[in-house]
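Here is what each chain is made of, one letter per residue.
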Amino acid sequence: DPKNHADWEVAQDAEKRMKTIYAIADEMGLTEKELLPYGHYMGKIDYRAVLKRLENKPNGKYINVTAITPTPLGEGKSTTTIGLVQGLGKRGKKSSAAIRQPSGGPTMGVKGSAAGGGRSQCIPLTPFSLGFTGDINSIMNAHNLAMVALTSRMQHERNYDDEKLEKLSGMKRLDIDPTRVEMGWVIDFCCQALRNVIIGIDGVNGQRDGYMMRSKFDIAVSSEVMAILAVAKDLRDLRERMSKIILAYDKKGNALTTKDFEVDGAMTAWIVEAVNPNLIQTLEGQPVIVHAGPFANIAIGQSSIIADQVGLKLSEYHVTESGFGADIGYEKFWNLKCHYSGLKPDAAVVVATIRALKCHGGAPVPAPGKPLPEEYNSENVEWVEKGCANLLHHVNIVKKSGVSPVVCINAFVTDTDAEIAKVRELCEAAGARVALSRHWEHGGDGALELADAVIAACEDETEFTPLYSWDMPARERIERVATEVYGADGVDYSVEALRKLKAIEADPKASELGMCMVKSHLSLSDIPTKKGVPTGWRLTIRDVLVFGGAGFFVPVAGAISLMPGTGSNPSFRRIDVDPDTGQVKGLF
Ligand code: ADP
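All values derive from a computational prediction rather than experimental measurement.

Colleague: Honestly, the overall build of the protein in this entry has me stumped. Any pointers?
Modeller: When you go through the protein residue by residue, the secondary structure sums to 20 helices and 25 strands. Taking 2.2 N^0.38 as the reference for a compact globule, 588 residues should give roughly 25 Å; the C-alpha atoms of the protein span a radius of gyration of 24 Å, in line with that estimate. Based on the C-alpha atoms only, the size of the protein along its principal axes is roughly 80 × 55 × 50 Å. Within the protein, the proportion of its 588 residues that are buried is 59%. By sequence separation, contacts in the protein at least 24 residues apart represent 73% of the contacts at least 6 residues apart. Here the protein displays about 23300 Å² of accessible surface, and carbon together with sulfur accounts for 51% of that area.

Colleague: Just checking my understanding: could you explain helix 20 (residues 495–506) for this structure?
Modeller: Working note: α-helix, 3.6 residues per turn, so residues spaced by three or four point in the same direction. The end-to-end C-alpha distance of helix 20 is 17 Å, a good match for the 16 Å that 12 residues give at a rise of 1.5 Å each. If you check which residues of helix 20 are buried, you get A497, K500, L501 and I504. Taken end-on, helix 20 shows its buried residues confined to a sector of 100°, consistent with a single buried face. Exposed and oriented more than 90 degrees from the buried face of helix 20 are V495 and A506. The inward-facing, buried residues of helix 20 abut helix 19 (474–486), strand 20 (490–493), strand 22 (538–547) and strand 23 (552–557).

Colleague: What is the right way to read the environment of W270 from this model?
Modeller: Tracing the chain through its elements places W270 in helix 11 (residues 264–270). Given a relative accessible area of 45%, W270 falls into the partly exposed group. Remark: the alpha-carbon pair of W270 and I139, spanning 131 residues in sequence, is separated by 7.3 Å. If sequence neighbours within four positions are ignored, W270 has contacts with S138, N141, A142 and L145.

Colleague: Teacher, can you tell me more about the pattern of salt bridges here?
Modeller: Where side chains of opposite charge bring their charged atoms close, a pairing between them can arise. According to the stated counting rule, one finds 32 salt bridges in the structure shown. Two residues, D13 and K16, come together in a salt bridge whose shortest N-O distance is 3.4 Å. Residue classification places K16 among the exposed residues on the basis of a relative accessible area of 67%. Across the pair E157 and R153 runs a salt bridge whose closest N-O atoms are separated by 2.9 Å. Of this pair, E157 and R153 both sit in helix 7 (residues 135–159), 4 residues apart, which is roughly one turn of the helix. By the burial criterion, E157 is buried, and R153 matches it. Taken together, the shared-partner salt bridges in this structure form one network comprising E496, R499, K500 and D543.

Colleague: Please clarify how the nonpolar core should be interpreted in this entry.
Modeller: One broad rule of soluble globular proteins: the nonpolar side chains tend to lie buried together. Grouped together as the largest cluster of nonpolar side chains are 138 residues, with contacts concentrated most on L279, Y330, L391, I478, L539 and I541. With 9 residues, helix 7 is the single largest residue contributor to this core. With residues near it in sequence (within four places) discarded, L391 still touches I68, V350, A352, L357, V407, V423 and C427. Formed by 44 residues, the second largest nonpolar core is a distinct cluster that contains A14, M18, L84 and V454.

Colleague: What's the story with the state of the cysteines in this structure? I'm lost.
Modeller: In total, this model carries 0 disulfides according to the counting rule given. For the unlinked cysteine C191, the closest cysteine sulfur is that of C190, found at 8.9 Å. Looking at the unpaired C359, the closest cysteine sulfur is the one in C388, lying at 14 Å. C359 gets classed as buried once you look at its relative accessible area, which sits at 2%.

Colleague: Sorry if this is basic, but what is going on with the pairing of strand 3 (residues 61–67) here?
Modeller: Taken residue by residue, a regular strand's side chains alternate between the two faces of the sheet. Burial within strand 3 is extensive, with 6 of its 7 residues counted as buried. As defined by bridge partners, strand 3 adjoins strand 16 (residues 317–321) across 5 bridges and the pair is classed as parallel. When the sheet's bridge partners are listed, V65 is paired in strand 16 with E321. In this structure, strand 3 lies alongside strand 17 (residues 347–352), joined through 5 bridges in parallel fashion. Across the sheet, residue I63 finds its bridge partner in strand 17, namely A347.

Colleague: Would you mind showing me how to read the packing of aromatic side chains here?
Modeller: Given two aromatic rings, one states the distance between the centres and the angle between the planes to describe the pair. Inspection of every chain in the model, using the stated rule, returns 7 aromatic pairs. For the pair Y330 and F333, a centre-to-centre distance of 5.8 Å together with 35° between the ring planes defines the contact as tilted. Linking Y330 with F333, this pair stays in helix 13 (residues 326–341), spanning 3 residues, or about one helical turn. Overall, the relative accessible area of 0% leaves F333 in the buried class. Feature note: the residues Y62, Y330, F333 and W334 constitute an aromatic cluster, connected by ring pairs. A cation over an aromatic ring shows up here: R180 above the ring of Y249, its NZ or CZ 3.9 Å from the ring centre.

Colleague: Would you take a moment to explain empty space enclosed by the protein for this structure?
Modeller: To locate leftover empty space, one rolls a probe as large as a water molecule over the atoms. For the structure shown, the criterion picks out 3 cavities of 30 Å³ or more. Estimated volume of the largest cavity: approximately 250 Å³. Lining of the largest cavity is provided by 17 residues; of these, E182, M183, K216, L545 and F547 occupy positions nearest its centre. Per-element accounting of the lining of the largest cavity gives the leading share, 3 residues, to strand 22. When the residues that make up the lining of the largest cavity are grouped by side-chain class, the tally is 9 nonpolar, 4 polar and 4 charged. Counted as a void, the second largest cavity has a volume near 50 Å³. Along the walls of the second largest cavity sit S222, S223, A227, I298, A299, I300, C516, F547, F552 and V554, which together make up its complete lining. For the lining of the second largest cavity, a count of residues per class yields 8 nonpolar, 2 polar and no charged.

Colleague: Could you clarify how one ought to interpret the sheet that holds strand 7 (residues 176–181) in this entry?
Modeller: One open sheet accounts for 3 strands, arranged 7-12-13; its pairing is antiparallel. Both outer strands of the open sheet, strand 7 and strand 13 (255–257), are each paired with one neighbouring strand and no more. Averaged over all pairs of adjacent strands, the angle between their axes in this sheet comes to 50°, without regard to strand direction. Against the sheet, helix 7 touches strand 7 and strand 12 (246–250), its axis set at about 130° to strand 7.

About the criteria used
Residues numbered from 1 in each chain as written. Predicted model: local features only at pLDDT ≥ 70, side-chain atom pairs only at ≥ 80, totals over all residues. Heavy atoms only, no water. Helix = DSSP H or I, 4+ residues; strand = E, 2+ residues; numbered from the N terminus. Rg over C-alpha atoms; globule rule 2.2 N^0.38 Å. Buried < 20%, exposed > 50% of the residue type's maximum accessible area, 1.4 Å probe, protein only. Contact = heavy atoms within 4.5 Å. Areas by Shrake-Rupley, 256 points an atom, 1.4 Å probe, with all protein chains shown as cover. Expected span 1.5 Å × (residues − 1). Arc of directions from axis to C-beta. Salt bridge = Lys/Arg side-chain N within 4 Å of Asp/Glu carboxyl O. Core = buried A, V, L, I, M, F, W, Y, C linked by side-chain atoms within 4.5 Å. Disulfide = S-S within 2.5 Å. Pairing = 2+ DSSP bridges. Phe/Tyr/Trp six-rings, centres within 6.5 Å; stacked < 30°, edge-to-face > 60°. Lys NZ or Arg CZ within 6 Å of the ring centre and 35° of its normal. 1 Å grid on protein atoms, 1.4 Å probe; cavity = no way out; pocket = protein on both sides within 12 Å on 5 of 7 lines; lining within 4 Å. Points joined across faces, edges and corners; volume = space filled by probe spheres on them. Nonpolar A, V, L, I, M, F, W, Y, C, P; charged D, E, K, R; others polar. Axes fitted to C-alpha atoms, helices over the stretch in contact; angles between N-to-C directions.

What follows is the structure in structure tokens.
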């Protein structure tokens, strides 16, 4: 019973009865060779074989799961993604989920492993949470290999003249501008001490110890290599993108790419296995495809296009999650991921909880690690009503894309009938379907109302239209998202951001680049403490990055770092191993 047990205890109990990966693959419709087993309960899918075999088969229905603006209370998006697949299963529909592989940072920090929760989780939880089949490690290696190429080249170009360079390796000088090195290193933990570092400090070997410069570490899942994995349609596409990652600029201001450093092929070699999406199961034995990484605030934060293509060929209903609220994850799904995939969703679920709505409506914001303020355990329809403004804002974002929204109230045992009735009333008045769902407590049986609402929404006419055309100048695109999606009055730019945006706008190839905004997920605005629907504010763009390989420019709004920090009460303090059985305890 999830009311009396932690998520990992519920998961480990269910794991005693879980199906083998062979059974999951067989029921899903994979042939023997298309499953690449990884132990008894996990596997990878040979996506190329599947997509070739089913080339002419029509796709199933495509459903996105998004949410209101996250609060420290958690909205249960992953839980609902899994719950919906379980509910569709109870209705006799062949369905699958696509979720992202958790990052070690949040798993060891405060957020947990993102496997869902209660009776709607994916299993086996432990390997899923701790490295899984190694995709993030491979991505980290590919990324850091580019840094090895860059830093060693800088050293050699400093130490040798042109003639010697040519003689040693046939290399021409790239003339890297040390003040314009764009790329840093990556690691899959949250470590604020690595945000700004000095590398190449002279040691006993003097100049042979490298080129001394300021450098940085970002979290691995924010790597451009991860973004490439998310948006690539196949290995060929991925290989091409891998050659266009910008590492630095030369002294004349020209971009220097992975291809210039001749490292793009080897980087791809590190991730050929990672291109195949991973397969595990829900607590009720349906397929869950896991591919690409989290963090829709600082990265694209979508499950991969490859995972969705496979799910859509094999299922009647394929449910894909995008990170955080509809302003962040859904906006990128809508205007970036679907642009690259050419796929169109049939419905989108907006997840909300009564508790989180109270938080948006004015109840005291809970502090991490502290007991929940009393306000969250007693009825308060007024706060819920006020908080619904945030929910309706997200519902309208989905509507603006031309897709039918289904509001899912992810039920907590503390919710009251009057609070639920208020949400229903307001959402129905705004033209959205609403379903109360008890999947966390009851699994698929608790998600029938949600499944039915989604099945009905998938039959609605959709007119999925992008918010902006890629032909529009960069600043106009930013302004459109800021005003129409976030609700800002306008946009301000730092001098640095303006300089970079003008350069992008002057580039005739700019229309080949999409846009992937970096913004706080904790508010519709760029100020994380502003809950509800902030008004009378302007978005500040502090910096702009260009991800030439992934194919987008990245406006960075507000003060947000690509390397999150670890706080004073991280979850690693509570994680341990039973030395007799090897079972891991304390994951969530
Ligand atoms: P998100 O994807 O929005 O970050 P998750 O699905 O990962 O959220 O859920 C976050 C946490 O909240 C998990 O520990 C999960 O067990 C818990 N949770 C989710 N839904 C419920 C619910 N209805 N009742 C109680 N706890 C829940």
